Amino acid sequence: MMEDETFTDISGKTISLDCQSHSSFCREFTVSSPKVSIGKVMVYTCSVWLLAYAAFFITQNTAVLSSAILITLVGMMFHIHFVKVDHESLLVIGSLGIQVSSSYASGREITTFIEMSKIKDIVINEAIYMHQIIYYLCVLLKDPSEPNAVSSVVPLFQVSQRLWVEEEVEVCRLRPGVIPSVLNFPAHLGRVRARKTTTKQP
Amino acid sequence: MVLKIFFPQCCNRADSGLLVGRWISGHDSAVVLAVIHYPFIPGQVKQYVQQMQAQSGVELSVLGSWSLPKEGQEGMESFLRDLSTIFPQQRWLQIRRQMGKTGFTCEVLNRDQNGIAAQRTVKKEKKEEEEDGDGDAEEKEEEEEEEEEKVIFVHYEQRKVMLSQLHPIESGDAKTDPPSELRQVFQTVALSQPLFFLDKYDDGPLKSTHWQSEGREASIIVELLKQASVPLCLLLSWLLSVWTWICSVRIFNFYPLRFLSTKLSTCVQLSYRTEHMKTLSSPKPAASHTQFMRKANMLVSVLVDVALGVLLMLWLYRDDHITMLANTLVPAADHVAKELDQLLQWLMGAPAGLKMNRALDQVLGRFFLYHIHLWISYIHLMSPFIEGILWYGGLSACLGLSFALSLLSDMVALFTFHIYCFYVYGARLYCLKIYGLSSLWRLFRGKKWNVLRQRVDSCSYDLDQLFIGTLLFTILLFLLPTTALYYLVFTLLRLVVVLFQGVLHLSVDFINSFPLFAVGLRICRSYRLAEGVKFRVLCDEPGVALHLLMEINPLKVSTVVQTYQTPTYSCYPRDSWLALVKKLFVGELIYPWRHKTTKAD
């Protein structure tokens, strides 16, 4: 089952969601960010090099040029290795656990696996970010000493976007108790509590 | 419920036979450890499994049967199915694989209380065969669809899981909850070492397949080191006992020497390293993973330290570097003394345009000048011996680079002792002045410090008390700039020296505490230190059970350093920045690099 609709994140960039069902109790959701645009790269490199040439023109020192090249290269490598996220995925395996992984543009992957015994619940949490309220999906982890307390909250799809907002949908209010379709987990994985999920047209 | 079977990758191509492993209670999962091949005698298999259980302490049992039919082995399947009656199990797994196909098929035979075996099939083809009834078809379809994909095969690499250690490390005693499923899987594989001793070339009655079935692997160097370590440990412990006997000789317990030995960082480093060597020289092997890592880190740190020290020695003792150093040391000390001289002359004049109190200025200045003169004469007296001292001191580098650095720090402390003295004089004077001023200021306002209640109370003074108090207050107030300036100058000098010593101490601390072995292990054998696992879906064809590959997720390097740091003797800095500035302002003496073990002297 593959779904590819257009969503945007809280800063307006387009992202895409891909759901793959490996079996009835194993599903993988992938959120992909847009790739690095060649226009932006060219603009940045040209501006840096123009500045370097201007500095060289003034100071007549070739070290300025070499340092500009070095800075551009190092900056680009740093950006694709540490900053630019290509896609984030969530692999849900029934009765084993949840695996969250983010993969960067350079191919580096960071993976975390959360065991079923540590998961208390998966909820949609709301937060106030500047002038808007954003909703994000997060996993509540159990505290080992107290079974009823929540030890930590792990937001999912953290690096790429906090939430995807459906475009071109009229004001739609979910009735209490209704579960959105993408989160159709089997009962033994836990209930999803959807609180106040109003999606508005920006 | 979903049944999870942890299957080793080495057994993917094993010949047909019996599966030996462990059921993990409470989580509905099974760990397969080895496959015992046909032909076997069931009685011998039972005996072998019991023997292994006793040796390893893991609840081993025969889980089921594995069949990978090759040519000429047609009757195997029925034979293996009949075996379920011989081995009494609650559940019997029958795993089948066809050569050339990727997926496994699994049948689970359940034995309920009546002893009747109810069969639940997992193959899709079987479901299609039974789809003939009308009214029952949908129900059966649903039931079988429910039961259809309820087995997950998790493939793991046996050797890596056996050697790996999950973090955070749980100590055995403080266990409130049973360990999680993954932890139990890791523990099971790690504890089942006796099971992996039989290999393909043994002539026993049973042939099994596991990660070592191609023949036992071992490294000659490791074995040789293990053999050599016992006499080495004995030698080391003997040497250490001789050393501790020397150290505990009565003459060293006299007060001045004892006090000195806690102040000199070389002695502290020496005692610290002696502790380490005592831990290393114990002949018992390490009981737990943490102890093993600690011992290994200590050993590697000592070896690297000694190697760096020997390198330093090689550099020092060739090309007459020592003579060069000695020849620059005395002129450098002279230069410092001359600079201090000039500084004091400047202070005695009108420093930075400030007008000092002439008399106090002259007194303080002359006092400090005489002190410097004494010091310089002392240095000149010592100058013929400096080269000898440096030569013998350089020999201490063979004990390790940390010793050389601590010796350097001690020598710097000794050579700048006069700056320390000046700082103490200036600070004490300033401190006295500040306290006097604050007390007389309270008197000026008609208040008093109540020692009993630890607060400021009002008080009525007599006239002569007030008169003398005000007089003293004025004197102290107008002498304040002079004292404050001297205090400022010497505090700055002292801080420069403290900074330099601090850098040396930090590097010694770094050499002592950095877990080189753990970081090396993380880089070269990253599966040994595991933070968790990661899963990858191997094959998800509809109708075949789900196959996942479990790989080990290694620990981050920063977490490795944090977990395996060797504790050292210094805790720094003792005060926060605010407290330090406050102390400086009031005039209290500061000791920013106080060692953890020293009591309040």
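Our structure is the block above this text.
Cut-off values and rules
Residues numbered from 1 in each chain as written. Chains lettered and ligands numbered in written order. Predicted model: local features only at pLDDT ≥ 70, side-chain atom pairs only at ≥ 80, totals over all residues. Heavy atoms only, no water. Contact = heavy atoms within 4.5 Å. Buried area = accessible area lost by both parts, 1.4 Å probe. Salt bridge = Lys/Arg side-chain N within 4 Å of Asp/Glu carboxyl O. Polar contact = N/O pair within 3.5 Å; in protein donor to acceptor, adjacent residues only side chain to side chain. Helix = DSSP H or I, 4+ residues; strand = E, 2+ residues; numbered from the N terminus. Buried < 20%, exposed > 50% of the residue type's maximum accessible area, 1.4 Å probe, protein only. Pairing = 2+ DSSP bridges.

The next point concerns the interface of chain B and chain A. In this assembly, 19 residues from chain B lie in contact with 17 residues from chain A. With both chains or domains summed, chain B and chain A bury close to 1600 Å², and 60% of this area falls on carbon and sulfur atoms. Here chain B and chain A share zero salt bridges between them. Viewed at the interface, chain A and chain B are joined by six residue pairs in polar contact (both at pLDDT 80 or more). Ranked by residues supplied to the side of chain B that touches chain A, first place goes to strand E13 (residues 529-539) of chain B with four residues.

Residue and element names in this part refer to chain A. Examined against the element boundaries, serine 95 turns out to sit in the loop between strand E4 (85-93) and strand E5 (97-104). Classification of serine 95 by relative accessible area gives buried; the value is 11%. Residues serine 95 and cysteine 26, 69 residues apart in the sequence, show an inter-C-alpha distance of 9.6 Å.

Attention now moves to unusual backbone geometry. Cis geometry is found at the peptide bond from His167(B) to Pro168(B), where omega equals 0 degrees. Not every positive phi belongs to a glycine, and Gln60(A) is a case in point at roughly 55 degrees. Relative to the helices and strands, Gln60(A) is located in the loop between helix H1 (38-59) and helix H2 (62-83). Of note in the backbone geometry, Gln454(B) takes a positive phi value of approximately 55 degrees without being a glycine. Looking at where Gln454(B) falls in the secondary structure, it is placed in the loop between strand E11 (447-450) and strand E12 (455-458).

So, on to the pairing of E13(B). Residues and elements named next belong to chain B. Bridge count between strand E9 (residues 165-166) and E13: two bridges; the pairing is parallel. What sits directly across from glutamine 165, in E13, is leucine 529. Note: E13 against strand E14 (residues 546-554), eight bridges, orientation antiparallel. What sits directly across from valine 533, in E14, is isoleucine 552.

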